[in-house]
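Chain by chain, the residues:
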Amino acid sequence: MKLCPTVLGLIAVFLGFGEAQVTWPNAIDELEDVMFLNSGYRSRGFGTHVTPCGFSEFGPGRQTAAEWLRIGFHDMATTNIYNGIHGGIDGSIQFELNDGENIGLGFNTTLHTYSNFFNSRLPIADLVALGVYASTRTCGGPIIPMRGGRIDATVPNQMGVPQPQNGQGIFVNQFTRMGFNTTDMIKMTACGHTLGGVHAGDFNNIVAPGTVPNDFQLFDNTLEFDNAIATRYINGPDTDPLAVGISIASGRNSDFAVFTADNNVTLQAMTNAATFNSMCQDILQRMIEVVDPSIVTLGPIIAPYEVKPEGLQLTLLSGGATISFTGDIRVRTTTRSVSSVSITYLDRTGAAGGTITTTVSGTASGFDDTFTFYGISANIPSTTGISAFTVLVTDTSGTVETFNNNGVLFPISDSVIVQTPQSCMSNGNLTVLAAVRATVTTPVTLNVTEKVPRNTGSPTPSPVPSLVSSTSTMVKGAAIGPYNIYSGSYAYGSSSGLKYGVGSGSFADTFKDATALGTACSALGTAVPTSTSTSSSSATPTPTLSHKAVVGAYSFLGCYTEATNIRALSSASFYNYTGMTIEQCMNDCSGYTHFGVEYGGECYCGDVINTGSVLAALSDCDFICPGNAYEYCGAGNRLEMYELTSLVSSSSVVQSTSSTTSSSSTVQSTSTTKSSSSSVVSSSSSVPQTTTSSTKSSSSSLVTSSSTTKVSSTSTTTSSTVAASQTLGIKNTVGAYTFQGCYTEATNIRALSSASYYDYPAMTLEECAADCVGYTYFGVEYGGECYCGNVINAGSVLAALSECSFVCPGNPYEYCGAGNRLEMYKLGQSAASTSSSATSKVSSSGSSSTSVKISTATTSKTSTSKSVSSTTSKTSSSTSKSSSTSKTSSSSTSKASSSSSRSSTTSTSSRSLTSTSSTLSTVKSSSTSTSKSSTISSSSSATPTQTAPAIKPTIGTYAYYGCQTEGTNIRALTGAVYYNYAAMTLEMCAANCAGFTYWGVEYGGECYCGNSWNTGSVNAPGTDCSFLCPGNSLEYCGAGNRLSAYYLV
């Protein structure tokens, strides 16, 4: 993130917002962690969802930072300070998604993201407010002072969010109801509209569909938090869709109505950048501090702790004579350089206990601060125990700072201890063991809080789960040393976000993350170890790092590769490189049959595993999850793959011959055979397949196999005399549309920009045609992207047919474009001929006649159809091309609602380009069968030879660095990231990373920036970077786990 001098000045006074450092532990501790630990060790990853400023994990035409800022206003805007309902920032918007005032996907997806951080100590209302802070900060805006303590609403608030069609007087009255005057209204609107814009799909009377890229019109001309919204309104050119354009005619130019409420006086003042930042800091703070004063008292402004304990844990060791003390001390290093950290502790009577030294565990950072964690690992006699400690921080000059937690020391109780090695969770059951001092006589309880999905609200239920708490009395067992051992259990529905703890009277060990537990509970020995060593080696090292066999309703399938020219799971994706866990991905992919985690922090969802994704060696998935050190999260080009258990239950598991036998808790698999009630066997092998299936029993019998066979539930009858086959080829007609050719994207805009649809798992030409009904053109790109329009935008030109090479995921006999290439169709007849049997293209360099597949099979199907006919002649200056194709086919097809039969024989279809002229002859038989023969003659003259792809030594001010691997459990470059799988070039990445020392392109369409290479990233052979850039086939754009890297010269 680049910061202007004004913003840098604000950083210097950040602590000036706060009061004295709060005493630990504090009610804001969870919020403080999420607010300041964006990346690195023990990071929470909240800010990664809006970093960099223009990023959205939900695809093009979205800016998550703008959506987070917007939901803050919408949640507050129903406030009524004049009646008893009041409202404010209370999270009530989660129940208001169906009232017509909160239009757009951003509200739902934002709340879905927030729900992953939501827990008993961090309400949705505080997260809504924190989202305003994070979105402003990541985009270079001022620091919005943040307080905690909001209380979540349990029902929707009254309606009242300002709508664009309102008049100026209504806007003034609405903001007065919220507690703001006219000047406040103008400031809040301008500061809110410095980010984001308007979606044509949501407001087609404000932004005309097809007039802007991705149908998303920005309020100004930048993605950053700046005063361009004011300067362009006052000085021009004003492109704010709520001030100019078609919104005027529709009466929805609401920004104009708001800004002119004081004759532009406030907007004129905001043309000064410093004034703009100052006004925004004030009004946005006041906005997020609108709460119901009768029930909410906000805490002090939150500043980062200078020293904060993190993850402290006591554990009674075997025999009960010793207690293990582990955890971290987090030290803020923004303004200090630390040499060492130690703690001095008091025993349970308050007497001096001793000094414990620490070692560095890791570092983390937020938007404005850096931190280093110093690990504690010590053994303490259980007879004397521990009650509190002081932290000593020695800087590099030898100066020692003493932190005593505002004079009360940092407390830690050894009266109630959760025994995490002896606790576990598996198959829907949480088992907890606790050691409780014999002197504690009050009942001991197990306390569990579970996230339960809501099902109220139609058509969109609240994406935020409810928290259901349960308390049960634990059972007393044996005595070990000065402790009694208690046990308890809880049957849970979902492990995602599951928290637990143990309490007795005023003593407690609580807010534990259940997903950090292992699947097997270790035994606690009653005998004291005979070794005189002071180390804690007698403790069983559990939980252990492993591949989780079962996560919620899903079962582990194995370690999978990515698919061919598409993601293995392509329905949805989420990213959290700093806090990903298997449980988080499962929660994100709720509703899908499969999910997988790749590269440590990438979560993918889908209902099918796409073609080309196959099982790999289990050892390939070796990245540890950043949010849980006991789980694996895939690797480069490798997914930790899970499937709904209900689908796996009837499957036989196939063991890799490369895997070694281990205990039942270890998962080994390289392929899966699925079986269900069916009469059809589908196989990718040409060798005849036997329909014998193997069923997985409770003892998990293993069958060795190297292939995957899926048995579908569809009944199909195949002719016994003709082999059931179909040839991959170009479809000349799709419904009322005819094939136009393989087209490039346009210049700085989509070739077809009126509408777009995505279906990476199952796209077909027919699906896209149906989506684009009413439009003149449709085109399918990159296998799963469908675009519609009435014109082909400037810069989109015909390309070689062979470049549209991606096979449609929903029909293996159709082509669905490629990277930066569209399989283009037009309403009416073919591109240059009225003939139903051929397409003719005319160019300045010659002519060609292209052979395409024409279906003449009769079809019986009830539907509503639109008949359109036209004759089109297309002229182009592109080099003429001809297709050499030979086909012979016969087919007979009848369709009914429940069954179909088909038999055909078709030879291989070829997409090869030769020269400037050809002739095509076609002979048709009856309406139920077609035989085609093609004779193509071509001249021997060759088209100009294209230069082969090569490594570019320089790109602008950057020079080639080499082919670089990713880092160890972290991206090689983590400064910024951009994605464009359809049109990425080296030049595009260089422009996106301007100002960074290094950048690199990976996997064809992923651009990463940074100022240093993270640990583990090393140089690889140049030939490893073999993916061609989708936007320029003469450049290399890395590969899986490989970056084509450049450095600033």
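What you see is a predicted model; the values in this text were computed from it and never measured.

Overview of the sheet that holds strand S20 (residues 499-504)
So, step 1. Across the sheet, 4 strands lie side by side as S17-S16-S20-S21; this open sheet has antiparallel pairing. Both edges of this open sheet fall to strand S17 (466-473) and strand S21 (507-513), since each of them pairs with a single strand only. Neighbour-to-neighbour, the strand axes of the sheet open up by a mean angle of 15°, direction not taken into account.

Considering the sheet that holds strand S4 (residues 307-316)
So, step 1. A sheet is described by the order of its strands in space; here 5 strands give the open sequence S1-S8-S9-S5-S4, paired in antiparallel fashion. The strands lining the two open edges of the sheet, one partner per strand, are strand S1 (39-40) and S4.
So, step 2. Together, S4, strand S5 (322-332), strand S8 (359-365) and strand S9 (370-381) form the strand contacts of helix H3 (residues 29-36), whose direction differs from that of S4 by roughly 120°.

A few points about a nonpolar patch on the surface
So, step 1. Together, Tyr 961, Tyr 1047 and Val 1049 make up a nonpolar patch on the protein surface, roughly 290 Å² of accessible area in all.
So, step 2. Mapped onto the elements of the fold, Val 1049 is located in the segment after strand S57 (1042-1048).

Considerations on the side chain of Thr 445
So, step 1. For Thr 445, the location among the structural elements is in strand S16 (residues 445-452).
So, step 2. There is a polar contact of 3.4 Å between the side chain of Thr 445 and the side chain of Asn 447.
So, step 3. Sequence-distant contacts of Thr 445, that is, excluding residues within four places in its chain, are made with Thr 471, Ser 472, Thr 473, Met 474, Gly 501, Val 502 and Gly 503.

A few points about helix H5 (residues 105-115)
So, step 1. Among the 11 residues of H5, 8 are classified as buried, and the element is accordingly described as predominantly covered.
So, step 2. Among the residues of H5, those classed as buried are Gly 106, Phe 107, Thr 109, Thr 110, Leu 111, Thr 113, Tyr 114 and Ser 115.
So, step 3. Turning to H5, the residues buried within the fold contact helix H4 (64-76), helix H6 (124-138), S16 and helix H14 (582-588).

Let's talk about the packing of aromatic side chains
So, step 1. All chains considered together, the criterion is met by 29 aromatic pairs.
So, step 2. Ring geometry for Tyr 41 versus Phe 373: centroids 5.1 Å apart, planes at 70°, classification edge-to-face. One end of the pair, Tyr 41, is in the loop between S1 and H4; the other, Phe 373, is in strand S9, with 332 residues separating them in the sequence.
So, step 3. Under the relative-accessibility criterion, Tyr 41 is labelled partly exposed at 29%.
So, step 4. In this structure Phe 373 comes out as buried when scored by relative accessible area, which is 0%.
So, step 5. A ring pair is formed by Phe 595 and Tyr 642, whose centres lie 5.0 Å apart and whose planes are at 5°; its orientation type is stacked. Residue Phe 595 is located in strand S25 (residues 594-598), and its partner Tyr 642 is located in strand S28 (residues 638-644); the two are separated by 47 residues in the primary sequence.
So, step 6. Assessed through its relative accessible area of 0%, Tyr 642 is described here as buried.
So, step 7. Grouping aromatic residues by their ring pairs yields a cluster made of Trp 24, Phe 325, Phe 389 and Phe 410.
So, step 8. Between Arg 567 and the ring centre of Tyr 1003, over which it is positioned, the NZ or CZ distance is 4.7 Å.

Digging into the pairing of strand S7 (residues 352-357)
Where a strand is regular, its side chains alternate between the two sheet faces.
So, step 1. Summarising the sheet, strand S6 (residues 338-346) and S7 pair through 5 bridges and their orientation is antiparallel. When the bridges of S7 are listed, Ser 342 appears paired with Thr 357.
So, step 2. Remark: 5 residues form the turn of the hairpin made by S6 and S7, two consecutive strands paired antiparallel; Gly 350 in that turn has positive phi of roughly 95°.

A short note on the nonpolar core
So, step 1. One finds Phe 46, Met 76, Leu 284, Phe 325, Ile 329, Phe 389 and Val 391 to be the most contacted residues of the largest nonpolar core, which totals 114 residues.
So, step 2. With 9 residues, H6 is the largest single contributor of residues to this core.
So, step 3. Contact partners of Ile 329, with chain neighbours within four places excluded, come to Val 307, Lys 308, Pro 309, Val 341, Ile 343, Thr 372, Phe 373, Tyr 374, Ile 376, Phe 389 and Val 391.

Some details on H4
Along an α-helix, residues three or four positions apart point the same way, because every turn accommodates 3.6 residues.
So, step 1. Along its 13 residues, H4 runs 19 Å from first to last C-alpha, staying within 8% of the 18 Å computed at 1.5 Å per residue.
So, step 2. Among the 13 residues that make up H4, 13 are buried, leaving the element largely enclosed by the rest of the structure.

Side note on the state of the cysteines
So, step 1. Using the criterion set out here, one finds 15 disulfides in the structure.
So, step 2. The residue that forms a disulfide with Cys 191 is Cys 280, at a sulfur-sulfur distance of 2.0 Å. With the S-S dihedral at roughly -90°, the linkage between Cys 191 and Cys 280 falls on the left-handed side. With a gap of 89 residues between them, Cys 191 in helix H8 (residues 182-192) and Cys 280 in helix H13 (residues 273-288) connect regions that are remote in the sequence.
So, step 3. Here Cys 768 engages in a disulfide with Cys 786; their sulfurs sit 2.0 Å apart. Residues Cys 768 and Cys 786 are joined through a disulfide that is right-handed, its torsion about the S-S bond being 80°. Of this pair, Cys 768 sits in helix H16 (residues 765-771) while Cys 786 sits in strand S39 (residues 785-789), placing them 18 residues apart in sequence.
So, step 4. Using a relative accessible area of 0% as the deciding quantity, one classes Cys 768 as buried.
So, step 5. Using a relative accessible area of 0% as the deciding quantity, one classes Cys 786 as buried.

Quick notes on the pattern of salt bridges
So, step 1. Tallied over the entire structure, the rule returns 38 salt bridges.
So, step 2. Of the charged contacts, one joins Arg 330 and Asp 33 as a salt bridge, the two residues approaching to 3.2 Å between their closest N and O atoms. Taken together, the residues span a long stretch of sequence, with Arg 330 in strand S5 and Asp 33 in helix H3 at a distance of 297 residues. One exposure class covers both Arg 330 and Asp 33, and it is buried.
So, step 3. Between Arg 750 and Glu 745 there is a salt bridge whose closest N-O contact spans 2.8 Å. In terms of burial, Arg 750 and Glu 745 fall into one category: buried.

Describing the confidence of the model for the protein
So, step 1. Scored by pLDDT, the protein comes out at a mean of 79, with 78% of its residues at no less than 70.
So, step 2. Overall, residues 531-542 carries pLDDT values under 50, and its contacts beyond four positions in sequence, including any with other chains, amount to 13 contacts.

So, the packing of H4 against H5
Any two packed helices are characterised by how steeply their axes cross, that is the angle between the axes, and by the distance between the axes.
So, step 1. The contact between H4 and H5 brings their axes to 10 Å, and the two run at 95°. Taken together, H4 and H5 sit at an angle that is classed as roughly perpendicular. Of H5, the residues touching H4 (which contributes Glu 67, Trp 68, Arg 70, Ile 71 and His 74) are Gly 106, Phe 107, Thr 109, Thr 110, Leu 111, Thr 113 and Tyr 114.

Section: the pairing of strand S36 (residues 737-744)
So, step 1. The buried count for S36 comes to 8 of 8 residues, which makes it a mostly enclosed element.
So, step 2. In this sheet, S36 lies alongside strand S35 (residues 733-734) in antiparallel orientation, the contact comprising 2 bridges. Counterpart to Val 734 in the pairing with S36 is Tyr 737.
So, step 3. Between the antiparallel neighbours S35 and S36 lie 2 residues, among them Gly 735 with a positive phi of about 60°.
So, step 4. Judged from the 7 bridges that link them, S36 and strand S41 (residues 821-827) form a sheet pairing that is antiparallel. Bridge pairing in S41 places Thr 738 opposite Lys 826.
So, step 5. Sheet topology note: the S36/strand S40 (residues 798-799) ladder contains 2 bridges and is antiparallel.

What counts, and at which threshold
Residues numbered from 1 in each chain as written. Predicted model: local features only at pLDDT ≥ 70, side-chain atom pairs only at ≥ 80, totals over all residues. Heavy atoms only, no water. Pairing = 2+ DSSP bridges. Helix = DSSP H or I, 4+ residues; strand = E, 2+ residues; numbered from the N terminus. Axes fitted to C-alpha atoms, helices over the stretch in contact; angles between N-to-C directions. Contact = heavy atoms within 4.5 Å. Patch = residues over 30% accessible without salt bridge, like charges linked within 9 Å, V, L, I, M, F, W, Y side chains within 5 Å. Areas by Shrake-Rupley, 256 points an atom, 1.4 Å probe, with all protein chains shown as cover. Salt bridge = Lys/Arg side-chain N within 4 Å of Asp/Glu carboxyl O. Polar contact = N/O pair within 3.5 Å; in protein donor to acceptor, adjacent residues only side chain to side chain. Buried < 20%, exposed > 50% of the residue type's maximum accessible area, 1.4 Å probe, protein only. Phe/Tyr/Trp six-rings, centres within 6.5 Å; stacked < 30°, edge-to-face > 60°. Lys NZ or Arg CZ within 6 Å of the ring centre and 35° of its normal. Core = buried A, V, L, I, M, F, W, Y, C linked by side-chain atoms within 4.5 Å. Expected span 1.5 Å × (residues − 1). Disulfide = S-S within 2.5 Å. pLDDT = per-residue confidence, 0-100. Parallel < 35°, antiparallel > 145°, perpendicular 65-115°, else oblique.

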